[in-house]
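What follows is the residue order along each chain.
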Amino acid sequence: MAQTRPEPQDPEDGNPRGLHFLTDLANTVREDPGTSAADLRALLERHGGPPFRLTDADARELREATAEVIAVLDTDDPDRAAEAINDLLDRHPARPRLVRLPGRPWSMHTRAPADAGLTHWLLSTAALALGLWLSERGTCAWGRCAAPGCGRHFIDTGRRTPQRYCSPRCATRVRVAAHRAQRAADSTPGPGGA
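Notes on the overall build of the chain
And then number 1: The helix and strand inventory of the chain stands at 6 helices and 4 strands.
And then number 2: If you list the helices and strands of the chain from N to C, you get α-α-α-α-β-β-α-β-β-α.
And then number 3: Out of the 194 residues in the chain, the part that is buried amounts to 36%.
And then number 4: The contacts in the chain between residues at least 6 apart in sequence include a share of 53% that link residues at least 24 apart.
And then number 5: As displayed, the chain has an accessible area near 11300 Å², and 52% of this comes from carbon and sulfur atoms.

Here's the deal with the side chain of Ser124
And then number 1: Relative to the assigned elements, Ser124 resides in helix α5 (residues 118–137).
And then number 2: At a separation of 3.5 Å, a polar atom in the side chain of Ser124 contacts the side chain of Thr110.
And then number 3: With near-sequence residues (within four places) excluded, Ser124 lies in contact with His92, Pro93, Ala94 and Thr110.

A word on the environment of Gly151
And then number 1: The topology assignment puts Gly151 in the loop between β3 (142–144) and β4 (153–155).
And then number 2: Once the C-alpha coordinates of Gly151 and Arg30 are considered, the two residues, 121 residues apart in sequence, prove to be 9.8 Å apart.
And then number 3: Leaving out residues up to four positions away in the same chain, Gly151 has contacts with Arg30, Arg144 and Cys145.

A word on the pattern of salt bridges
And then number 1: Per the counting criterion, the structure on display carries 5 salt bridges.
And then number 2: Bridged by salt links that share partners, the residues Glu68, Asp87 and Arg91 form one connected network.

Section: the pairing of strand β1 (residues 96–100)
And then number 1: Alignment of β1 against strand β2 (residues 106–110), held across 5 bridges, turns out to be antiparallel. Directly across from Arg97, in β2, lies its bridge partner His109.
And then number 2: Taking the residues between adjacent antiparallel strands as the criterion, β1 and β2 are bridged by 5 residues, where Gly103 takes a positive phi near 75°.

Observations regarding the nonpolar core
And then number 1: Membership of the largest hydrophobic core comes to 35 residues, with the highest contact counts inside it found for Phe21, Leu22, Leu122, Leu130 and Trp142.
And then number 2: For this core, the secondary-structure elements that each account for two or more residues are α1 (19–31), α2 (37–46), α3 (56–73), α4 (78–91) and α5.
And then number 3: The element contributing the most residues to this core is α5, with 10 residues.

Considering α2
And then number 1: Residues of α2 that are buried: Ala37, Leu40, Leu43 and Leu44. Buried residues along α2 cover an arc of 125° about the axis, so they all sit on one side.
And then number 2: The inward-facing, buried residues of α2 abut α1, α3 and α5.
And then number 3: Two residues or fewer after α2 comes Gly48, characterised by a positive phi angle close to 75°.

Structural notes on the packing of aromatic side chains
And then number 1: This structure, assessed with the given rule, holds 1 aromatic pair.
And then number 2: For the pair Phe21 and Trp121, a centre-to-centre distance of 6.0 Å together with 55° between the ring planes defines the contact as tilted. Linking Phe21 in helix α1 with Trp121 in helix α5, this pair joins segments that are 100 residues apart in sequence.
And then number 3: Note on Phe21: relative accessible area 10%, which makes it buried.

Calculation rules
Residues numbered from 1 in each chain as written. Predicted model: local features only at pLDDT ≥ 70, side-chain atom pairs only at ≥ 80, totals over all residues. Heavy atoms only, no water. Helix = DSSP H or I, 4+ residues; strand = E, 2+ residues; numbered from the N terminus. Buried < 20%, exposed > 50% of the residue type's maximum accessible area, 1.4 Å probe, protein only. Contact = heavy atoms within 4.5 Å. Areas by Shrake-Rupley, 256 points an atom, 1.4 Å probe, with all protein chains shown as cover. Polar contact = N/O pair within 3.5 Å; in protein donor to acceptor, adjacent residues only side chain to side chain. Salt bridge = Lys/Arg side-chain N within 4 Å of Asp/Glu carboxyl O. Pairing = 2+ DSSP bridges. Core = buried A, V, L, I, M, F, W, Y, C linked by side-chain atoms within 4.5 Å. Arc of directions from axis to C-beta. Phe/Tyr/Trp six-rings, centres within 6.5 Å; stacked < 30°, edge-to-face > 60°.

So, in C-alpha cells, the structure goes:
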C-alpha cells in the first residue's frame with residue numbers, strides 16, 4: 001500500500017524539542033533504506049538542522065545511526081527506553097546549550113565536539129531530546145501508528161488519552177473501516193434469517 005507522507009508537524013506543537021525531526025528521519029529511512037544524501041540534506045534543512053554537506057558515505061552513516069533512534073522509538077517501556085537513551089549518552093555525550101533558531105523560541109540543542117561526525121551529532125541530539133521528553137512525560141510519549149499498513153513513528157503530544165495514530169487521516173481511516181465492518185455485520189442475516 002502506498003503511503004502518503006503527512007505534512008511535517010508544527011515544531012511548536014506540544015514543544016517536543018526536535019522530536020518531530022527524529023520521527024521524520026526515522027520514517028524516511030524506514031520507508032526508504034537507501035534515502036539519498038540530497039533527500040537527507042533536505043530533511044535536515046526542513047527541520048532547521050545544521051547545514052551538512054552530505055556525501056553518499058555520510059548518508060549511509062546517517063541512515064545507520066538512524067537505526068539506533070528507531071530502536072528507541074520502538075521501545076514502549078520507560079525503563080528500557082531510559083537504559084537505551086543512557087547508553088546513547090554514554091557513547092555520544094551531549095553538550096547541551098540553548099539556541100534560538102530564526103523565528104523560534106530558545107530551545108535546548110547539542111553541540112558536538114569539533115572532531116565529532118554525523119553519528120555523534122545525530123545520536124547525542126536524539127538522546128538529549130528523547131531523554132528530556134521521557135523525563136517530562138514520565139512515559140514513552142512516542143510510538144508507531146496502529147493503522148493497518150502504516151506503522152509510521154509519531155510523537156505523542158496529547159495530554160489525556162495515549163495517541164495511537166500518526167495522523168488524523170490514519171485515525172479516520174481506521175474509524176471508517178470499523179464503522180463499515182460493523183454496518184456490514186449488522187446487515188448480514190443471522191442463522192435461519194431471511
